[in-house]
Amino acid sequence: MKKLIAQILVCYLGVSSGLLIAQPLSVYNKATSTLYALTLDEAKWAMNRSPVTITSFPAVRSKGGKHDFFSEGDYWWPDPQHPEGPYIQRDGMTNPENFTSHRKAMIEFSKIMGALASAYRITGNEQYAQHAFQHAHSWFIDTATRMNPHMLYAQAIQGRFSGRGIGIIDMIQFIEVAQALFVLEKSLSANAKDYVLYRKWFEDYLNWVTHHPYGIDEKNALNNHGTCWTLQVAAFARFTNDQSLMDTCRFRYRTKHLPEQMAIDGSFPKELSRTKPYGYSLFNLDAMAMICQILSDNKNDLWEFETPDKKSIHKGISFLIPFISNKERWPYARDVMYWENWPIAQPFLLFGANAYDNSEYFNVWKTLDHRPTVDEVVRNLPVRHPLIWFNTHR
């Protein structure tokens, strides 16, 4: 009885707070029931976390300053023949000695914001919003701890590059931060002046990522990097209400990502050719599905969009679902690392279930791991809190 009352309260609070207007509640309610205890447990953890930004982790090999994000390419290693020389690539093999502290701090910030926004959404408890704003203030406003809005020094390579356009993909860890702020703006604790500064930070980043050569190169990538450029720009543009950039992202999805990345059977050949074909295929489909979730509205239903040769996000899900239900049926090479850690509760399953009223997708999603702990898996799952992503128009 208590559980039933809690679920009814969840529905009431979601609707009464204006967060779920016109939202068919069946999939959302089932997802909330599945994640309810887990969400409150994670929010309890988040409430005990103090703000920690990248400024707490000096990056001695960075060419930037203390406020500049820095990371090193995951698959780059010392050359055994020239130990002091430039690093060499071992694709798919993560070097645990490379600097990742800033990325880990960003991921923790994202997890905290996602957890608190989710708990606020299903309970209406203002304490969750208040604590989230403490973290956001540290990352975006406080001049002593804020992060600068660019990715000039991301995924550097020792002896080769101080940063690369490829590193822009690290910024996908902020898409749930932007979405959390989007949800929490409806709270009584939201400060309008602070929201001007939050949006200014994301506007500055969007200006950088759409004009800097790194951003232009990443935008034009024909694999998951190009998809993730569009994903982050879409999420940040929606938060800043940049309709022009949102239209740009819709155009790229329709004319670039689906036509140029997907094969007729729904697979992604560029991902299948990598050393982690399974994990990269899941990752790229998640990114495309979230583009559909973010950018679909009453005038633009990307979930139903098809190219002239019938490529669609639905076809992509249909291609992968048999290999999620039974991974042993996977007909391609196994991933060189982390094969045993996939799949997890992939977002494309849940939002595909919502878009297509497909109980199979939901039931598969429900049985999978909703809180992975392996670092490589976590960094490739930027959408960890799906309850905050249900759109109001569907």
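Each value, and the rule that gives it
- Residues numbered from 1 in each chain as written.
- Predicted model: local features only at pLDDT ≥ 70, side-chain atom pairs only at ≥ 80, totals over all residues.
- Heavy atoms only, no water.
- Axes fitted to C-alpha atoms, helices over the stretch in contact; angles between N-to-C directions.
- Helix = DSSP H or I, 4+ residues; strand = E, 2+ residues; numbered from the N terminus.
- Parallel < 35°, antiparallel > 145°, perpendicular 65-115°, else oblique.
- Left-handed = near helix turned anticlockwise from the far one by under 90°.
- Contact = heavy atoms within 4.5 Å.
- Buried < 20%, exposed > 50% of the residue type's maximum accessible area, 1.4 Å probe, protein only.
- Polar contact = N/O pair within 3.5 Å; in protein donor to acceptor, adjacent residues only side chain to side chain.
- Salt bridge = Lys/Arg side-chain N within 4 Å of Asp/Glu carboxyl O.
- Phe/Tyr/Trp six-rings, centres within 6.5 Å; stacked < 30°, edge-to-face > 60°.
- Lys NZ or Arg CZ within 6 Å of the ring centre and 35° of its normal.

Looking now at the packing of helix 11 (residues 277–295) against helix 13 (residues 347–356). Relative orientation of the contacting elements helix 11 and helix 13 amounts to 40°, with a least axis distance of 8 Å. Compared by their axis directions, helix 11 and helix 13 come out oblique. Taken as a pair, helix 11 and helix 13 cross one another with a handedness that is left-handed. Packed against helix 11, whose contacting residues are L282, L285, D286, A289, M290 and Q293, the element helix 13 presents P347, F348 and F351 at the interface.

Turning our eyes to something else, we now look at the environment of Q158. Looking at the secondary structure, you find Q158 in the loop between strand 4 (153–156) and helix 5 (175–184). Judged by relative accessible area, Q158 falls into the partly exposed class, the value being 26%. Taking the C-alpha atoms as reference points, Q158 and K276, 118 residues apart in sequence, are found 24 Å from one another. Look past the residues within four positions of Q158 in its chain and what remains in contact with it is R61, E72, P86 and Y87. Here the side chain of Q158 touches Y87 through a polar contact of 2.9 Å, side chain to side chain.

Here we come to the pattern of salt bridges. Applying the stated criterion across every chain, the model contains 18 salt bridges. A salt bridge links E306 to K310, with the nearest nitrogen and oxygen atoms 3.6 Å apart. Residue classification places K310 among the partly exposed residues on the basis of a relative accessible area of 48%. Three or more residues joined by partner-sharing salt bridges are found here, namely D74, R103, D170, K276, E376 and R379.

Bringing the packing of aromatic side chains into the picture now. Given two aromatic rings, their pairing is described by the distance between the two centres and the angle made by the two planes. By the definition in use, this model includes 30 aromatic pairs. Between F140 and Y198 the ring centres are 6.2 Å apart and the planes differ by 70°, which places this aromatic pair in the edge-to-face class. With F140 in helix 4 (residues 126–140) and Y198 in helix 6 (residues 192–211), this residue pair connects regions lying 58 residues apart in the sequence. Residues Y205 and W208 carry aromatic rings whose centres are separated by 6.0 Å and whose planes lie at 35° to one another, so their mutual orientation is tilted. With a gap of three residues between them, Y205 and W208 both fall in helix 6, about one helical turn apart. Across this residue pair, the class does not change: Y205 and W208 are buried. Just above the ring of F362 sits the side chain of K30; from NZ or CZ to the centre is 4.6 Å. The residue whose ring lies beneath R274 is Y280, and the NZ or CZ to ring-centre distance is 4.4 Å.

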